[in-house]
Amino acid sequence: QAQLVESGGGLVQVGGSLTLSCAASARTFSRLTLGWFRQAPDKEREFVGRISYISVAYLADSVKGRFTISRNNGKNTLSLQMNNLKPEDTAVYYCAASLGIIPTRPDEYNYWGQGTQVTVSS
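Residues numbered from 1 in each chain as written. Predicted model: local features only at pLDDT ≥ 70, side-chain atom pairs only at ≥ 80, totals over all residues. Heavy atoms only, no water.

J.: Just checking my understanding: could you explain the pattern of salt bridges for this structure?
T.: Note on pairing: side chains with opposite charge can pair once their charged atoms come close. A complete count under the given rule lists 6 salt bridges for this structure. In this structure, the salt-bridge partner of Arg38 is Glu46, at a minimum N-O distance of 2.8 Å. With a shortest N-O distance of 2.8 Å, Asp89 and Arg38 are connected by a salt bridge. Within this pair, whereas Asp89 is found in the loop between β8 (77-82) and β9 (91-98), its partner Arg38 is found in strand β4 (residues 33-39), the two being separated by 51 residues in sequence. Of the two residues, Asp89 and Arg38, both sit in the buried class. What you see here is one network of salt bridges that share partners, running through Arg38, Glu46, Arg66 and Asp89. (Salt bridge = Lys/Arg side-chain N within 4 Å of Asp/Glu carboxyl O. Helix = DSSP H or I, 4+ residues; strand = E, 2+ residues; numbered from the N terminus. Buried < 20%, exposed > 50% of the residue type's maximum accessible area, 1.4 Å probe, protein only.)

Laid out in structure tokens, this is it:
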């Protein structure tokens, strides 16, 4: 079992930066693959990136070069540093945890946070 709680969302201007955090309560946190997804209104949940238990990160092309994923296994936390934000980054962002190795689809993730809103204004 794992519980995930996101924080750090908010309103930011185009070109600005924001860091999302996800605090997890899970005895096996260090062995889980962690991911970030986002969902804009009337759109499907979209994969943003993931980081393995040994901190190998993979980002979607749409955010590569602008977003960075990191984790701290000692503190059971996951972070998403977002730079050069664009209006199309506006969405509810979710952190998720998976028992899989290279999960990309939402159905490959076992645990989810409640989401945090990110709004990028132009």
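There's more to say after this.
J.: Honestly, a nonpolar patch on the surface in this entry has me stumped. Any pointers?
T.: Taken together, the side chains of Tyr53, Ile54 and Val56 make up a nonpolar region of the molecular surface, amounting to roughly 320 Å² of accessible area. Mapped onto the elements of the fold, Ile54 is located in the loop between β5 (46-51) and β6 (57-59). Here Ile54 falls in the exposed class, since its relative accessible area comes to 57%. (Patch = residues over 30% accessible without salt bridge, like charges linked within 9 Å, V, L, I, M, F, W, Y side chains within 5 Å. Areas by Shrake-Rupley, 256 points an atom, 1.4 Å probe, with all protein chains shown as cover.)

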